[in-house]
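Report on the structure
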Amino acid sequence: MDTSQALSMPILKRRSLLMAGLGALAGGLVRAQTSPQAEEALPSFTGPGPNPYWNGVNPYVVYPQKLPLLRLTDRGVQLETPRAYFLTALTPNPAFYVRYHLDILPNAIDLAKWRLNLEGNFERPQRLSFDDLLKLESRSIVAVNQCSGNSRSRFQPRVPGGQWGNGAMGCAKWTGIPLKALLEIAKPKPGTVQIQFEGLDRGHGPEGKGSSRFLKSLDLNDPVLEECLLAYAMNDEPLPMLNGFPLRLVVPGKFATYWLKHVTWIRALTEEDKNFWMASAYRVPDTPNGSTTPEDVAAGKVKTVPIGHFQMPVRSFIVDPDGSAPLVKGMKTAVRGVAFSGSGRVVKVEVSADGGRSWGVAALGEYLGPYAFRTFTYFWTPKAPGRYTLAVRATDEKGNTQPDQGVWNPGGYLWNKIERQEVTVIG
Amino acid sequence: MRKVYLALALFGLVALAQSEGDGGLVEAGNYTPGPLGQITQPLPTPAGEGSVYRVGAYPLYTPELADGPGKELVQGYCQVCHSTTYITMQPPLPAATWQAEVTKMINTYGAQIPEDAAKAITAYLQAHYTPETRK
């Protein structure tokens, strides 16, 4: 049944659908943040229930090279991208979200002195200047960078951590040197098991602890290495400082925890990386969708794996309408947003105007690559005034689609529940 | 005086027209005072020179923490590595979760906090930032 059929049903039945929509309200319905009124501030925190807003509730702030973004924390810096910037497949650099773990992050970098160091178990260790990198053959890929904890504020029960709404993500065209090309230059010696990455950011904690250095490693035999880039350009511009100038690791399909910023050291390791950021942090339950229960965690029953074992699950977002303005009966409305999947091309986006009971297929925008945002548009003409619940769900080329149930794990990772938006139709 | 009468008469006509529904206006001229939604615009500064890529200082905001015993310890010890927006950003968390957070900061991240101070910090967080206590 498509939505036009749903809307032509008799009044009585439509009313029961409306009730179903209201029921969804209790289930964590996403609400507008672009508000029709400006008299009262959002609450400064949400909980213990789920955050009902599309973004987190944090204040707008202005940072170097950035448009006003939503500040989660100021030291380390964590800034969320407001909803309105997701109408396009490429997220503008000045609107791109920011997430640091440590608080001593660069304000100024001297390119004449900066070198990319390939060290450790390499046959030919390298010290490459930025000019050296620009002379190597480059490649571009359009890919989504999404924080592992994007949408963490939806979790029930709530979990500690960055209380992101949906805006800890962005999509850019990344240009740089394929990681494999650099590895071919430096040649990992036999016995190399992992490649470790480290940037210029540091913390105030004691050496040897996760509060001092942020380090991530990828297995040498991980197929993702074939697609990794060391990017010096983001949407054809130098990287903004807060997004990793001068060089950032791009790991298509994987969560952003692996996308190290300010990359300066690439190390060939002969043993598995046991540093905090691999062994303890960013681990998810070893279950098919990374979900578990608080009870099983408390009972010590949960075996975990690094989040890098997962591709980013398929997701889609309604960006417009956002509920800040009423729709008008009889007027054609474009329901627009973006979808993506870490497992490859999004092949279908469906939109519902009755809270997910019936679905219609949306038109997809330009295909920019398997790991890029795909825009979608779905036209809907509301035929009667009232409250409606829009919903969106995407399907990728592997057949993965979005569940209507939220995952739960103690880290607040891997959220990809079907998104909903309540709208009011007048007339 | 005549002008005022004229204005009043016109006003009356407008009001009359609206009350008959042709204008449809329900509300107009509604303003609310206050700084809500306002962000100070930073002064542009030189972005770099020579071979140096430079951005300005990152703004630091000091969140308001609840008043109570232990507040100064939180500001002293927790802010060595991170600002206290890490506390105010959280949803109300159960007392046991705050206990676990403080333990994690000490054991996992290596925070140098004496035992009695750690206890006071935990008690402070539990006194103000749980579902039962958060305001």
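Residues numbered from 1 in each chain as written. Chains lettered and ligands numbered in written order. Predicted model: local features only at pLDDT ≥ 70, side-chain atom pairs only at ≥ 80, totals over all residues.

Concerning the domain arrangement of chain A
Looking at the assigned domains, one finds that chain A contains domain 1 (3-30 + 311-426) and domain 2 (93-281). Of the residues that constitute the side of domain 1 of chain A that touches domain 2 of chain A, the class distribution is 11 nonpolar, eight polar and one charged. (Domains from an automatic or database assignment. Nonpolar A, V, L, I, M, F, W, Y, C, P; charged D, E, K, R; others polar.)

With respect to the nonpolar core
Leu229, Leu230, Leu249 and Val250 of chain A are the most contacted members of the largest nonpolar core, which totals 118 residues. In contact with Leu249 of chain A, other than residues within four places in its own chain, are Phe197, Cys228, Leu230, Tyr258, Trp259, Leu260 and Val263 of chain A. (Core = buried A, V, L, I, M, F, W, Y, C linked by C-beta atoms within 7 Å. Buried ≥ 20, exposed ≤ 12 C-beta atoms within 10 Å, placed from the backbone. Contact = placed C-beta atoms within 7 Å.)

Thoughts on the interface of chain A and chain B
Each partner contributes residues to the interface: chain A has 44 residues there, and chain B has 34 residues. Among the elements of the structure, strand 1 (60-61), strand 2 (69-74) and strand 5 (108-110) of chain A are those that each provide at least two residues to the side of chain A that touches chain B. (Helix = DSSP H or I, 4+ residues; strand = E, 2+ residues; numbered from the N terminus.)

Concerning the packing of helix 4 (residues 95-107) of chain B against helix 5 (residues 115-128) of chain B
Residue and element names in this part refer to chain B. Contact geometry for helix 4 and helix 5: axes closest at 9 Å, N-to-C directions at 145 degrees. Note that helix 4 runs across helix 5; the crossing there is right-handed. Residue-level contacts link Ala95, Trp98, Gln99, Val102 and Ile106 of helix 4 to Ala118, Ile121, Thr122, Leu125 and Gln126 of helix 5. Within the contact of helix 4 with helix 5, the residues separate by chemical class into seven nonpolar, three polar and no charged. (Axes fitted to C-alpha atoms, helices over the stretch in contact; angles between N-to-C directions. Left-handed = near helix turned anticlockwise from the far one by under 90°.)

Quick notes on unusual backbone geometry
Residues and elements named next belong to chain A. A cis amide bond links Arg75 with the next residue in sequence, Gly76, at an omega value of -5 degrees. Relative to the helices and strands, Gly76 resides in the loop between strand 2 and strand 3 (77-80). Here Phe245 and Pro246 are connected by a cis peptide whose omega angle stands at 0 degrees. Checked against the element boundaries, Pro246 lands in the loop between strand 13 (237-238) and strand 14 (248-250). Its identity is not glycine, yet Gln65 carries a phi of approximately 65 degrees, on the positive side. As for its placement among the helices and strands, Gln65 is situated in the loop between strand 1 and strand 2. Using a count of 19 C-beta atoms within 10 Å as the deciding quantity, one classes Gln65 as partly exposed. Positive phi, normally seen in glycine, also occurs at Asp236, with a value near 65 degrees. By C-beta crowding, Asp236 is classed as exposed, having 11 other C-beta atoms within 10 Å.

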